[in-house]
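Next come the chains, spelled out residue by residue.
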Amino acid sequence: MLDLELLRSFVSVVDAGGFTRAGERVHRTQSTVSQQIKRLEDDIGQPLLNRSGKDVTPTETGERLLFYARRLLALEEEARDVLARPGNEGAVRLGVPEDFAAYRLAKLLASFSRSHPNLRLDVRADQSVSLKRDLERGDLDLALFKRTAGEKGGIAVWPERVHWVTSKSHPIDARAGSVPLIGFPLGCLYRAGAIHALESAGRTWHMAYSSSSLAGIQAAIAAGMGLGILSEMSIQADHRVLTAKEGFSPIDRTEVALVASPDASPATLRLAERLAEFCDAVQAKAA
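Within each chain, residues carry numbers counting from 1 in the order of the written sequence. A pLDDT threshold of at least 70 governs which residues receive local features in this predicted model, and a stricter bar of 80 or more applies before side-chain atom pairs are shown or counted, although totals over entire chains, interfaces and linings include all residues. Hydrogens and water are ignored here; the side-chain numbers use all heavy atoms of the structure.

**Points about the overall build of the protein**
For step 1, the next point in the chain: Secondary structure assignment for the protein yields nine helices and 12 strands.
For step 2, the next point in the chain: When the backbone C-alpha atoms are referred to their principal axes, the protein occupies close to 70 × 50 × 30 Å.
For step 3, the next point in the chain: Of all 287 residues assigned to the protein, the portion counted as buried reaches 44%.
For step 4, the next point in the chain: For the protein, the proportion of contacts with a sequence separation of at least 24, taken over those separated by at least 6, is 75%.
For step 5, the next point in the chain: Across the protein, the mean location of the 36 positive side-chain charges is 3 Å away from that of the 36 negative side-chain charges. Here a strand is any run of E in DSSP of at least two residues, a helix any run of H or I of at least four, and the numbering for each starts at the N terminus. A 1.4 Å probe rolled over the protein chains alone gives each residue an accessible area, and that area as a share of the maximum for its type sets the label: buried under 20%, exposed over 50%, partly exposed in between. We call two residues contacting when some pair of their heavy atoms lies within 4.5 Å. We count Lys and Arg on the positive side and Asp and Glu on the negative side, and we leave His and both chain ends out. The atom standing in for a charge is NZ when the residue is Lys, CZ when it is Arg, CG when it is Asp and CD when it is Glu.

As C-alpha cells, then:
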C-alpha cells in the first residue's frame, strides 16, 4: 500500500522543486524528506526524481505517480472534511459542461448547497469528453455532458440544438477558400462535428482560434475571427446563425445526458432530480 505521508512529501518536492523548500511545506527537515522519498522509491522499485541540476524534477515514472498521488491526497482531504461534519450527508462530485455552468446552473447549485448544509458539493466544469471519462473511472459521482444522439445509458436525455454561427458585425465569407474554424481543443464533440460536416461537403478548413474557455470562443466569433458551432443557449446577441442556404447544414445530432455512477448516494440522486428539472425547463423554454 502507498503511504500517504510519503506521497505528500513527494508531491511537495515536485511542487517546490527541491528538498529544502519541500521540507518547509510539510514541516520536516531536508534529511527527513529525502529519507521519505527514498522509502517511496524503494516501495515503487523505480527512481521517482531526477536529482541532477539545480532543481529536482520527476522522472517518467514520477510523473505517472504524481497524477495518482494528487488524487489520493485530495480524496483523503475530502474524507476528513466530510467526516468532521456532524450529521454529514457525504460528498457529491458533479461535472457539467461550461455552457451549462454559465447558464443559471450556478444559482441552482448554490440553492441546493444551502438546502443541504451537511453535504460537500464539488463541481467541475469541463469538456464533455473529460466528464464522461472521469465518471466512468469513478472520479465523478454525477455528470451532465454532451454526446452523440442515441447512445445508451443515463438518468435522463435531452436533444440539443446547435448552430453554425458567425459574427453579426463582422461576418465571415466562407463560401470560398479555407473555412476558419473557432472551437474547443481536440476531443470536443462540436469540433469533431464541424470538421466532419465540412470535409463531407468537400470543403477545406483550418483552426483559426482554439480555446478551452467558452467565453473566449464566444468573443472570437463575435470579433469575426472565424466560424464556430455553439449550443442554442451559448449564442449571444453579437452572433448570427448561419443557415443551410449559406452552405452550412446542421451537423450530426447531439444530446445532453445526465448520468450517475452505479453506486450513487441518496444525495447524488436528489441532486440529479434537481438537474433533471432544470434541463426539462430549459428544453421547454427552447421549444
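So, next bit.
**With respect to the sheet that holds strand β3 (residues 90–96)**
For step 1, the next point in the chain: A strand pair is defined by DSSP finding two or more bridges across the two strands. In space, the five strands of this open sheet follow the order β4-β3-β5-β12-β6, with mixed pairing throughout. Taken across any chain shown, the strands that pair with only one partner, and hence form the sheet edges, are β4 (119–125) and β6 (156–160). The sheet shows a mean angle of 20° between the axes of neighbouring strands, direction not considered.
For step 2, the next point in the chain: Two strands pair when backbone bridges link them, and strand β5 (residues 142–148) and strand β12 (residues 254–260) are joined in this way by seven bridges, in the antiparallel orientation. Axis geometry follows a simple rule: fit a line to the C-alpha atoms, using only the stretch in contact for helices, then measure angles between N-to-C directions, giving values from 0 to 180 degrees.

**Quick look at the confidence of the model for the protein**
For step 1, the next point in the chain: In this model, the protein carries an average pLDDT of 87, and 94% of its residues clear a pLDDT of 70 or more.
For step 2, the next point in the chain: On a range of 0 to 100, pLDDT expresses the predictor's confidence in each residue. Here helix α2 (residues 19–26) stands out as the element of the protein with the lowest mean pLDDT, 78, in contrast to strand β11 (residues 239–241), whose mean of 95 is the highest.

**Some thoughts on the packing of aromatic side chains**
For step 1, the next point in the chain: Only centres within 6.5 Å qualify two rings of Phe, Tyr or Trp (six-membered ring in Trp) as a pair; their planes then separate them into stacked at under 30 degrees, edge-to-face at over 60, and tilted for everything else. On inspection of all chains with the given rule, the structure shows two aromatic pairs.
For step 2, the next point in the chain: Ring plane angle 80° and centroid distance 5.1 Å describe the contact between F67 and Y68, whose orientation is recorded as edge-to-face.
For step 3, the next point in the chain: Residue class for Y68 comes out partly exposed when judged on its relative accessible area of 47%.
For step 4, the next point in the chain: Summarising the aromatic geometry, the rings of W164 and F248 are spaced 5.1 Å apart at their centres and angled 55° between planes, so their arrangement reads as tilted. Separated by 84 residues along the polypeptide, W164 in strand β7 (residues 162–167) and F248 in the loop between β11 and β12 bring together distant segments of the chain.
For step 5, the next point in the chain: For F248, a relative accessible area of 6% puts it in the buried group.
For step 6, the next point in the chain: A ring is considered to have a charge above it if a Lys NZ or an Arg CZ atom is located within 6 Å of its centre and within 35 degrees of its normal. The residue whose ring lies beneath R203 is F248, and the NZ or CZ to ring-centre distance is 4.8 Å.

**A look at the nonpolar core**
For step 1, the next point in the chain: Throughout this description, the term nonpolar core refers to a set of buried Ala, Val, Leu, Ile, Met, Phe, Trp, Tyr and Cys residues connected via side-chain atoms within 4.5 Å. Ranked by size, the top nonpolar core spans 24 residues in total, and within it L271 and L275 carry the most contacts.
For step 2, the next point in the chain: Of all the secondary-structure elements, those providing two or more residues to this core are β3, α5 (98–115), β4, β5, β6, β12 and α9 (266–286).
For step 3, the next point in the chain: A total of eight residues in this core trace back to one element, the largest contributor, which is α9.
For step 4, the next point in the chain: Once residues within four sequence positions are removed from consideration, L275 is found in contact with L94, L105, L108, L109, L142 and L258.

**So, helix α6 (residues 128–136)**
For step 1, the next point in the chain: Listing the buried residues of α6 in full gives S128, S130, L131, D134 and L135. Projected down its long axis, α6 shows its buried positions confined to an angular sector of 160°, all on one face.
For step 2, the next point in the chain: Tucked into the core, α6 has its buried residues touching β3, β4, β5 and β12.
For step 3, the next point in the chain: Looking at the residues trailing α6, positive phi occurs at G138, about 90°. Throughout, the arc means that of the directions going from the helix axis to the C-beta atoms.

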